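Here is how the chains run, residue by residue.
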Amino acid sequence: MSAKKILIFDDDTTILEIITIIFEENGYQVEISETSHDILEKVSQFQPDVILMDNWIPKIGGVQATQLLKSHEEFRSIPVIYVTANNDIVRLAEEAQADDYVAKPFNLDDLEDKVAKYLEA
Amino acid sequence: MTSASGRRQSICNTLIMETENTKTELVVIGGSAGSLQVILEMLKKLKNGLGIPIVLVLHRKAYSNNILQTLLQQFISIEVVEIDDKTEIQNNKVYVVPADYHLLFENKNMMSLDFSEKMNYSRPSIDVTFKSAAEVYGESLVGVLLSGANADGVEGLGFIKKNKGKVWIQEPETAEVDYMPKHALLEVACDLIITPDNLAGYINQL
């Protein structure tokens, strides 16, 4: 069975480094991006099973980036988990049309559980 | 034939034996790109009841919040503390320097934060903290330099050495980004070359 693929959009290299280590240790294939530049191309090339999207991702923010993905038929079914420290997380995730959300700072086990939930579906 | 890294290893071990009677009071670990993998591996293996404090000076994005402390705490039962200005130093704690501040040691009981210019394009700068710690702790300090893409920390390691502290450097072949440890090995006489697997073991023995 091939490894499940996660694409992470976050501009905080600390977070990217730790999440990558954790998910790779658990057998996932991880691709990271510090910007939403060329997001459609990145998603098209990597074909992720799930996407983690930070609210403050540079270029276009997380809301617009997620909306852009969801407006394209070929990417619409890829689950997007919205990640932010913003108190308005529920509204932002809804506005973005994300499938779910995780508040920062997150518990790594909770994040893994949430990702796993979408990969099992 | 002995490899270059083998020669370095034997020199380092000899020096460690010569200095092993000095009681270590503080370990300061500096790292940049690729260092978190080593830190996580170390945290998982550190013994509880550590008789010393450990301070982590890691290059981070300027406006990071306390996410590093929160994430690291999930790997270890020892308390991980993000340093505030005038934070008291206590044994058996792991301290993390906050983003966008330099860390200084006022004395062996107190740390302070400083917002002066960046050093080596970095704030926190590993050099700044290594030098400050070396002045306060002298021979009872261990300075560790890990993976990274610039030379921050190398000059500080030299200062630690000059003040009779111990210098540990990550084996460049095990570093995700080897520039920082490679440069350090060229510039500073190290006491020990460490790997991600054995760092915690050496700290546990201090």
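Here, the structure is the one placed above.
Computed from a prediction, not measured in an experiment: that's the story for all the values here.

Q: Outline the interface of chain A and chain B, listing residues and values.
A: Listed per partner, the contact involves 12 residues of chain A and 13 residues of chain B. The element that contributes the greatest number of residues to the side of chain A that touches chain B is helix α1 (residues 13-25) of chain A, accounting for 6 residues. Split into classes, the residues belonging to the side of chain A that touches chain B amount to 6 nonpolar, 3 polar and 3 charged.

Q: Which residues make up the sheet that holds strand β7 (residues 110-114) of chain B, and what values do they have?
A: Residue and element names in this part refer to chain B. Spatially, 3 strands are ordered β4-β7-β6 in an open sheet, and the strand pairing comes out antiparallel. Either end of the sheet is taken by a strand with one partner, and the two such strands are β4 (87-88) and β6 (102-105). Here β4 runs beside β7; their pairing, made up of 2 bridges, is antiparallel. Its bridge partner being in β7, Thr 87 is matched across the sheet by Met 111.

Q: An account of the packing of helix α2 (residues 39-46) of chain A against helix α3 (residues 62-70) of chain A is needed here, citing residue identities and associated values.
A: Residues and elements named next belong to chain A. One can describe the packing of α2 onto α3 by two numbers: an axis separation of 10 Å at closest approach and a directional angle of 55°. Considering the angle they form, α2 stands oblique to α3. The crossing of α2 and α3 is right-handed. For the pair α2 and α3, the contacting residues are Ile 39, Leu 40 and Val 43 in the first and Ala 65, Leu 68 and Leu 69 in the second. Looking at side-chain class alone, the contact of α2 with α3 contains 6 nonpolar, no polar and no charged residues.

Reading the values: rules and limits
Residues numbered from 1 in each chain as written. Chains lettered and ligands numbered in written order. Predicted model: local features only at pLDDT ≥ 70, side-chain atom pairs only at ≥ 80, totals over all residues. Contact = placed C-beta atoms within 7 Å. Helix = DSSP H or I, 4+ residues; strand = E, 2+ residues; numbered from the N terminus. Nonpolar A, V, L, I, M, F, W, Y, C, P; charged D, E, K, R; others polar. Pairing = 2+ DSSP bridges. Axes fitted to C-alpha atoms, helices over the stretch in contact; angles between N-to-C directions. Parallel < 35°, antiparallel > 145°, perpendicular 65-115°, else oblique. Left-handed = near helix turned anticlockwise from the far one by under 90°.

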